[in-house]
Amino acid sequence: MKSVFTVRQIIVSLEVILILSWAFFQNQFFGKIIISPFLICSIAIFLENLFLLLNKKKLSNVFKYIFRVSFFIYVIGFLIYTIYYAIVNKIYSLLIIVAVFIIGLIPFFKNAFFNK
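All figures in this text were calculated on a predicted structure; none of them were measured in a lab.

Counting its regular elements, the protein chain contains four helices and zero strands. Scaling as 2.2 N^0.38, a compact globule of 116 residues should have a C-alpha radius of gyration of about 13 Å, whereas the protein chain reaches 17 Å, well beyond that. Counting only C-alpha atoms and orienting by the principal axes, one finds that the protein chain spans roughly 50 × 40 × 20 Å. Classification of the 116 residues of the protein chain by burial places 24% in the buried group. Within the protein chain, counting contacts between residues at least 6 apart in sequence, those at least 24 apart form 49% of the total. By element, 75% of the accessible surface of the protein chain is carried by carbon and sulfur atoms, the whole surface being about 8,800 Å².

In structure tokens, the structure reads:
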């Protein structure tokens with residue numbers, strides 16, 4: 001049953017890779033910046049599940065780690081931009097929402113990288 005789920009994830013991530021690759025090459029610089037984290041995450045999920053299906057657990061864990069790192073870099077970058085936007089436009093109430101997201105992000109970060 002686990003292999004069925006893995007094959008399903010491989011198929012879905014491959015479709016996402018194709019769509020994002022097409023969109024990546026059709027856009028200009030800022031569009032490519034926005035699309036690239038999603039492309040990296042989908043490639044990491046694809047390769048993670050592929051190696052999991054091939055019983056290569058160490059390689060699968062490497063791509064799981066790459067997915068986590070790229071996801072957190074994207075989220076942290078988005079939060080930094082939101083802080084910048086809130087300060088420049090003097091929307092200080094937005095900083096409260098950012099603080100809530102940062103507080104909620106800390107346990108996920110701890111579990112993703114320091115859970116042994």
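Moving on from the coordinates now.
Let us look at the side chain of S42. Within the secondary structure layout, S42 lies in helix α2 (residues 29–53). Apart from the residues within four sequence positions on either side, S42 is in contact with S13, V16, I17 and L20.

With 98% of its residues at a pLDDT of at least 70, the protein chain reaches an overall mean of 89. Per-element confidence in the protein chain ranges from a low mean pLDDT of 87 for helix α4 (residues 93–114) to a high of 91 for helix α3 (residues 57–88).

Calculation criteria
Residues numbered from 1 in each chain as written. Predicted model: local features only at pLDDT ≥ 70, side-chain atom pairs only at ≥ 80, totals over all residues. Heavy atoms only, no water. Helix = DSSP H or I, 4+ residues; strand = E, 2+ residues; numbered from the N terminus. Rg over C-alpha atoms; globule rule 2.2 N^0.38 Å. Buried < 20%, exposed > 50% of the residue type's maximum accessible area, 1.4 Å probe, protein only. Contact = heavy atoms within 4.5 Å. Areas by Shrake-Rupley, 256 points an atom, 1.4 Å probe, with all protein chains shown as cover. pLDDT = per-residue confidence, 0-100.

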